[in-house]
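# Per-entry structural report
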Amino acid sequence: MDAIEAVLTRKSIRKYTGENISEENLRTILEAAVSGPTCANTRDWQFIVVRDRETLNKMADANGRPAEPLRNADVGILVLGDLDRAFSPAKDYWIIDGAIAGQNICIAAHGLGLGAVWLGTYPQAERVDNLKRLFDLPDNVIPHSIIALGVPAESGREKPPFEEDRFHFEKY
Ligand SMILES: Cc1cc2nc3c(=O)[nH]c(=O)nc-3n(C[C@H](O)[C@H](O)[C@H](O)COP(=O)(O)O)c2cc1C
């Protein structure tokens, strides 16, 4: 699948067959995670890659009801911001850098024929605190989001139609 097709056809996938993602594909997904742009090239992320079923269930507990897809996912990737590496004049760029990493994970998974769904964590304080405790994170490391991954057992929701009126050419 080429890049344009992967971007245009990606959908959130929340049900998985239970089959394993190969180590090779997982490696490609992790390379995609760190291949996006970051503010001033700070590369201000860290990642926790989880395959252990008990830990995946604990992550689902920590991230609230919408994180249920983790309970049947093969892999969960917790995207973390590393404030010690963040762009010092405007550290909040870590949030954007984390989002780009998360999206790259989703696109790469889809390009490999796998399914992914983004599970929102930051800025919901309770989820952030729960995950900080679960993984015993240092103060400078902030949970950003979790991406659940697996072999797809559903095709996802229909894409909405292209909305011409969202685009404003030359002026609003
Ligand atoms: C910041 C963010 C948080 C999200 N959180 C959740 C979530 O907690 N649980 C979930 O099932 N989907 C979550 N999603 C996925 C969205 O629901 C999904 O992208 C949206 O419904 C559009 O569907 P699509 O991804 O198939 O195009 C999240 C997406 C984003 C970008």
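We now turn to the structure provided with this report.

## Regarding the environment of Tyr-122
- Considering the arrangement of structural elements, one finds Tyr-122 in the loop between strand S3 (115–120) and helix H5 (125–134).
- Taking the C-alpha atoms as reference points, Tyr-122 and Glu-163, 41 residues apart in sequence, are found 28 Å from one another.
- If we skip the residues at most four places from it in the chain, Tyr-122 touches Ile-95, Val-128, Ile-142, Pro-143, His-144 and Ser-145.

## Some points on the site of the ligand
- As a matter of local geometry, the ligand sits amid Lys-11, Ser-12, Arg-14, Pro-66, Ala-67, Pro-69, Val-117, Trp-118, Leu-119, Gly-120, Gly-156 and Arg-157.
- Class assignment of the residues belonging to the shell around the ligand gives a composition of six nonpolar, three polar and three charged.

## Quick look at the nonpolar core
- Core analysis: the biggest nonpolar cluster contains 36 residues, and Ile-105, Ala-116 and Leu-149 have the highest contact counts within it.
- What Ile-105 contacts, discounting residues up to four positions off in sequence, is Ile-29, Ala-32, Ala-33, Ile-77, Ala-116 and Ile-147.

## A few points about the environment of Ile-142
- When you line up the elements, Ile-142 lands in strand S4 (residues 141–150).
- For Ile-142, a count of 22 C-beta atoms within 10 Å gives the class buried.
- Along the primary structure Ile-142 and Glu-164 are separated by 22 residues, whereas in three dimensions their C-alpha atoms are 37 Å apart.
- When sequence neighbours within four positions are dropped, the list of residues in contact with Ile-142 reads Leu-80, Gly-81, Leu-83, Tyr-122 and Val-128.

Cut-offs used in this document
Residue positions are counted from 1 within each chain, in the order its sequence is given. Only residues with pLDDT of at least 70 get local features here, since the model is predicted, and only at 80 or more are side-chain atom pairs given and counted; chain-wide, interface and lining totals rely on the full set of residues. Counting from the N terminus, the helices are DSSP H or I runs at least four residues long and the strands are E runs at least two residues long. Contacts are defined on C-beta atoms placed from the backbone: any two residues whose C-beta positions lie within 7 Å are in contact. A residue counts as near a molecule or strand when its C-beta atom, positioned from the backbone, falls within 6 Å of it. Gly is put with the polar residues, along with every residue not named as nonpolar or charged; the nonpolar set is Ala, Val, Leu, Ile, Met, Phe, Trp, Tyr, Cys and Pro, and the charged set is Asp, Glu, Lys and Arg. Each nonpolar core comprises buried Ala, Val, Leu, Ile, Met, Phe, Trp, Tyr and Cys residues, the members being joined through C-beta atoms within 7 Å. Note on burial: count the other C-beta atoms lying within 10 Å of the residue's C-beta; 20 or more is buried, 12 or fewer is exposed, in between is partly exposed, and C-beta positions come from the backbone.

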